[in-house]
Structure formats: C-alpha cells, structure tokens
Amino acid sequence: MSTYLINHLRIPADMPNAEGLDYLEQVEATVQPYGGKWLAQGQGDVIEGAWPGSVVLMEFPDRAAATAWYDSAAYRAIRPLRIRNAISDIILIDQIPEGFTIKRFAAGLRDAIRKG
C-alpha cells in the first residue's frame, strides 16, 4: 500500500535562497533509493480556506520506505538546509485500502458512536 508525503511548504519571499537551491539539487538523489517520486509540486488554487505557500506531494511504495528515507543518513545530511530556509508541515498518510467508501466509513463511525 502506497504512502504519501504531503509538505505544506512556505519559502520566505517565495524564492529559494542559495541553501534552498542546494537542498533542491540534492534531495532527489536521497529519495530514489527508497522508491519515492514526486506527484505534484507548486502553488495550488485555493478554493476554500487559506493555504499560504505551496504543496509538495510525493509517493513511496509503503510507510516503511517513506520513514526509512526520512531517517536516512543521506537525507539527514541535507534536511537542515530545508529547515533553515523554509517552513514545512510534513505528514505521511497511507493510501486507502481497496474497496474503501466514505459511506461505509461514516457507517462505522455511527456504529462506534452508538456503542459509546
């Protein structure tokens, strides 16, 4: 089951500085050994609420691969470049299982509430 990384990214002045560019030039090589790939990156069209900044959406083969990449020596070596030069809120979320429906999800919640 795939795991997705979502990064709500804010870069001061909306333009990376030299360290930010160093990070961008190096990060892809740290992701490749773990099967990670970029699915989307950039400014989104906000249709409700507020979303200052941009978004990065990545896919990994599974949670173990995503966690192994984030904790890898190669990524730990460059992570400070991002942390010092951008604001990021990063989450991992797993792909929903085959056959999932939101209606069944809601029914399960109703049952849990009913059972107290």
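See the structure printed just above.
A brief structural summary. All values reported here derive from a predicted model rather than from experimental measurement.

## Examining the nonpolar core
Move 1: Membership of the largest hydrophobic core comes to 15 residues, with the highest contact counts inside it found for Val27, Phe60 and Trp69.
Move 2: Every element with two or more residues in this core is listed here: strand 1 (3-10), helix 1 (18-31), strand 3 (54-60), helix 2 (63-71) and helix 3 (73-85).
Move 3: When residues no more than four places from it in sequence are discounted, the contact partners of Trp69 are Leu5, Val27, Thr30, Val31, Tyr34, Phe60 and Tyr75.

## Focus on helix 3
Move 1: Taking the largest bend as the criterion, helix 3 deviates by roughly 30 degrees, centred on Arg79, and proline Pro80 comes between one and four positions later.
Move 2: Of all the positions in helix 3, only Tyr75, Ile78, Arg79, Leu81, Arg82 and Asn85 are classed as buried.

## A short note on helix 2
Move 1: Turning to helix 2, its buried residues are Ala65, Ala66 and Trp69. Projected down its long axis, helix 2 shows its buried positions confined to an angular sector of 100 degrees, all on one face.
Move 2: Contacts made by the buried residues of helix 2 are with strand 1, helix 1, strand 3, helix 3 and strand 4 (87-94).
Move 3: For helix 2, the capping residue at the N-terminal end is Asp62, with a side-chain oxygen 3.3 Å from the backbone nitrogen of Ala64.

Cut-off values and rules
Residues numbered from 1 in each chain as written. Predicted model: local features only at pLDDT ≥ 70, side-chain atom pairs only at ≥ 80, totals over all residues. Heavy atoms only, no water. Core = buried A, V, L, I, M, F, W, Y, C linked by side-chain atoms within 4.5 Å. Buried < 20%, exposed > 50% of the residue type's maximum accessible area, 1.4 Å probe, protein only. Helix = DSSP H or I, 4+ residues; strand = E, 2+ residues; numbered from the N terminus. Contact = heavy atoms within 4.5 Å. Bend = angle between axes of the 7 residues up to and from the residue. Arc of directions from axis to C-beta. Polar contact = N/O pair within 3.5 Å; in protein donor to acceptor, adjacent residues only side chain to side chain.

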